[in-house]
Amino acid sequence: MSEHGRHGATLTGESDRDTTVIGLLADPDTPTEVAEKVAGQLSPLLSDYVDGEVVWDVRTMTHPVTASVQDPEQVLDAVADHAAEAGWDMGVYLTDLPIQHGSRPILADIDHDRNVAGLSLPGFGAVRQHEKVRNAVVRLVADLAGVADAGLDQEEHHPGRLGRALGRRLGRIRAVEGDEGRHTRRYVTSPGYGRVRLLLGMVRTNEPWKLVLGMRTALAAVVGTSAYLTINSTIWLLSTRLGAPKLALTMVVAVALMVVWIIGAHSLWERAQDAEEREEVWLFNVSTVLTLSIGVLVMTAAVYVLTLLGSLFFLEPSVFAQSLGRPPTWGDHLLLSWLATGLATVAGALGSGLDSEEAVRRAAYGYRERQRRDEVGEEQESGQGTGNDDGDRGDRSSSSS
């Protein structure tokens, strides 16, 4: 667990002004990165759009609150406890755990009684996530401070400066009032558009582009096989005679095969235990397929560039021309690199089976999703919930991150 303070510039007479401490409590990995990025931008925004007479002291802390609890109401309870222990005036929690209210993805929960709020990053989608989260935090703080309703649901109802300056296209959002004295307001998106954005946000928080370095054995297999095929005269001839449709199909099949192989070899496909879980499990499975597909495509693109450079450097035009029966062109090198990369990706699929399951999950998922999958796996093995042990394991994982 770590805490960092971020202070605005010292102004004349600042000591005479009240100080409000805002704590951003974040899960490890992506939420922490988002919190640290937006924290430095919040103080001036809060002064401009909430209260210029207050010194806004924004701090960040990394702690996996959702390691031991997943119910949104329990999450707010945990955030309130951390805020009280840290001496914050307001606490805002950032998690990459997708949370839903029935069939509607949750963007934010607010508890006015304890001055805390929670944000689910996947609900903000994959585009301009940092900016949307920053603006949402400002509006939530304004709501908690009693300056203005957060107004995430209907911007036209907040025509003031806060609404005009911070109103971003967050989608079809509406507020759901709390019940039984629990959260006092909850912002949810539509079941259709909101779930699409939630899915894209889940893929975004998984950071699929990091897969290329996380699966080192598979990457080594792809690069090594591609290098070997580049100097094979049979591949030289095939690449110039297969035609664009077959070459394109070769790459598509190779990428699909590698994705399927990774999922199957490392048990990444989840199965619903009952009808109630079916929709949620479908969401996680689709995010897995998209995450791995993007990751494999990034890996393939990187290997293609390396293969092309190797082809241009090592293949002497005279030797290449003897097999082609004509002087080679740039197009020949491009086609050769394409076919070699596509075939090598199949070898990469086999190589991915040599990577450990932990390495693959670390490469494909964010911290919270890895932990959730560990919990699901243990529950399926034991046939019962994991209880507090998972929370303890999550704290230990956090301290080692």
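Residues numbered from 1 in each chain as written. Predicted model: local features only at pLDDT ≥ 70, side-chain atom pairs only at ≥ 80, totals over all residues. Heavy atoms only, no water.

Bringing the overall build of the protein into the picture now. In terms of helices and strands, the protein carries 15 helices and 9 strands. Sequence separation of at least 24 residues holds for 77% of the intrachain contacts in the protein that already meet a minimum separation of 6. (Helix = DSSP H or I, 4+ residues; strand = E, 2+ residues; numbered from the N terminus. Contact = heavy atoms within 4.5 Å.)

Moving on, we get to the packing of helix α1 (residues 30-49) against helix α3 (residues 129-144). Packing of α1 against α3 brings their axes to within 9 Å, and their N-to-C directions diverge by 50°. In terms of orientation, α1 and α3 fall into the oblique class. As for how α1 packs across α3, the hand of that crossing is right-handed. Here T30, V34, K37, V38, Q41, L42, L45, L46 and Y49 of α1 come into contact with α3, specifically with Q129, H130, V133, R134, V137, V138 and V141. Within the contact of α1 with α3, the residues separate by chemical class into 10 nonpolar, 4 polar and 2 charged. (Axes fitted to C-alpha atoms, helices over the stretch in contact; angles between N-to-C directions. Parallel < 35°, antiparallel > 145°, perpendicular 65-115°, else oblique. Left-handed = near helix turned anticlockwise from the far one by under 90°. Nonpolar A, V, L, I, M, F, W, Y, C, P; charged D, E, K, R; others polar.)

Attention now goes to the UniProt feature "transmembrane region" (unreviewed entry) in the protein. The UniProt record annotates "transmembrane region" (unreviewed entry) at residues 211-231, 247-269, 281-314 and 334-354. In residues 211-231, the share of helix is 90% and the share of strand is 0%. The end C-alpha atoms are 27 Å apart. Between the C-alpha atoms that bound residues 247-269 there is a distance of 29 Å. The span itself is 83% helix and 0% strand. (UniProt positions renumbered as here; feature names shortened; annotations may be inferred.)

If you check helix α2 (residues 72-86), its first and last C-alpha atoms are 21 Å apart, about what 15 residues at 1.5 Å a residue would give, namely 21 Å. Every buried residue belonging to α2 is among P72, E73, V75, L76, A78, V79, A80, H82 and A83, and all of these are buried. Once α2 finishes, G87 follows within two positions and takes phi at roughly 75°, a positive value. (Expected span 1.5 Å × (residues − 1). Buried < 20%, exposed > 50% of the residue type's maximum accessible area, 1.4 Å probe, protein only.)

This next bit is on the packing of aromatic side chains. The final tally for this structure, using the stated rule, is 3 aromatic pairs. Aromatic side chains Y304 and W338 sit 6.0 Å apart centroid to centroid with 75° between the ring planes, which places their arrangement in the edge-to-face category. Of the two residues, Y304 is situated in helix α10 (residues 275-314) and W338 in helix α12 (residues 330-352); the sequence distance between them amounts to 34 residues. We classify Y304 as buried; its relative accessible area is 19%. When the centroid spacing of 4.9 Å and the interplanar angle of 85° are considered together, the rings of F313 and F314 count as edge-to-face. The pair formed by F313 and F314 is uniform in burial state, with each residue classed as exposed. (Phe/Tyr/Trp six-rings, centres within 6.5 Å; stacked < 30°, edge-to-face > 60°.)

Time to look at the environment of L219. Mapped onto the fold, L219 is located in helix α7 (residues 216-230). Taking the C-alpha atoms as reference points, L219 and V303, separated by 84 residues in sequence, lie 8.4 Å from one another.

This part covers α7. Across its 15 residues, α7 extends 21 Å between first and last C-alpha, which sits within 8% of the 21 Å expected from 1.5 Å per residue. Those residues of α7 that fall on the buried side of the exposure criterion are A218, L219, V222, S226, L229 and T230. Looking straight down α7, one finds its buried side chains confined to an arc of 105°; they lie on one side. In α7, those exposed residues whose orientation departs by more than 90 degrees from the buried face are R216, A220 and Y228. (Arc of directions from axis to C-beta.)

Helices that pack against each other are described as a pair by the angle of their axes relative to one another and the distance between those axes. Relative to each other, helix α8 (residues 233-241) and helix α11 (residues 317-324) sit at 65°, their axes nearing to 9 Å. Regarding α8 and α11, the two cross each other, and that crossing is right-handed. Contact residues: α8 offers S233, W236, L237 and T240, while α11 offers V319, F320, S323 and L324. Class assignment for the residues of the contact of α8 with α11 results in 5 nonpolar, 3 polar and no charged.

Glancing now at the pattern of salt bridges. All told, the structure shown has 9 salt bridges when counted by the stated rule. With a closest N to O distance of 3.1 Å, E131 and R128 form a salt bridge. According to the relative accessible area criterion, R128 is partly exposed, its value standing at 35%. When the shortest N-O distance is used, the salt bridge between D332 and R326 registers 2.8 Å. For D332, a relative accessible area of 4% translates into the label buried. Connected via shared salt-bridge partners are E33, E207 and K210. (Salt bridge = Lys/Arg side-chain N within 4 Å of Asp/Glu carboxyl O.)

A few words now on the side chain of R195. Examined against the element boundaries, R195 turns out to sit in helix α5 (residues 193-206). Residue R195 is classed as buried on the basis of its relative accessible area, which comes to 11%. There is a polar contact of 2.2 Å between the side chain of R195 and the side chain of Q100. When residues no more than four places from it in sequence are discounted, the contact partners of R195 are Q100, S103, P105, S190, E279 and L283. (Polar contact = N/O pair within 3.5 Å; in protein donor to acceptor, adjacent residues only side chain to side chain.)

Glancing now at unusual backbone geometry. Although it is not a glycine, D29 adopts a positive phi angle of roughly 70°. Inspection of the secondary structure assignment puts D29 in the loop between β2 (18-26) and α1. Positioned with a positive phi, N115 is a non-glycine residue whose angle comes to about 55°. Following the sequence through the fold, N115 ends up in the loop between β6 (104-111) and β7 (116-120). Judged by its relative accessible area of 25%, N115 falls in the partly exposed class.

With that settled, consider the nonpolar core. In this structure, L24, L46, L94, L119, V133 and V137 are the most contacted members of the largest nonpolar core, which totals 33 residues. Listing elements by their share of this core, those giving two or more residues are β2, α1, β3 (54-62), β4 (90-95), β6, β7 and α3. In terms of residue count, the dominant contributor to this core is α3 (8 residues). In terms of nonpolar packing, the next biggest core, distinct from the first, is built from 21 residues, L219, V255, I263 and M299 among them. (Core = buried A, V, L, I, M, F, W, Y, C linked by side-chain atoms within 4.5 Å.)

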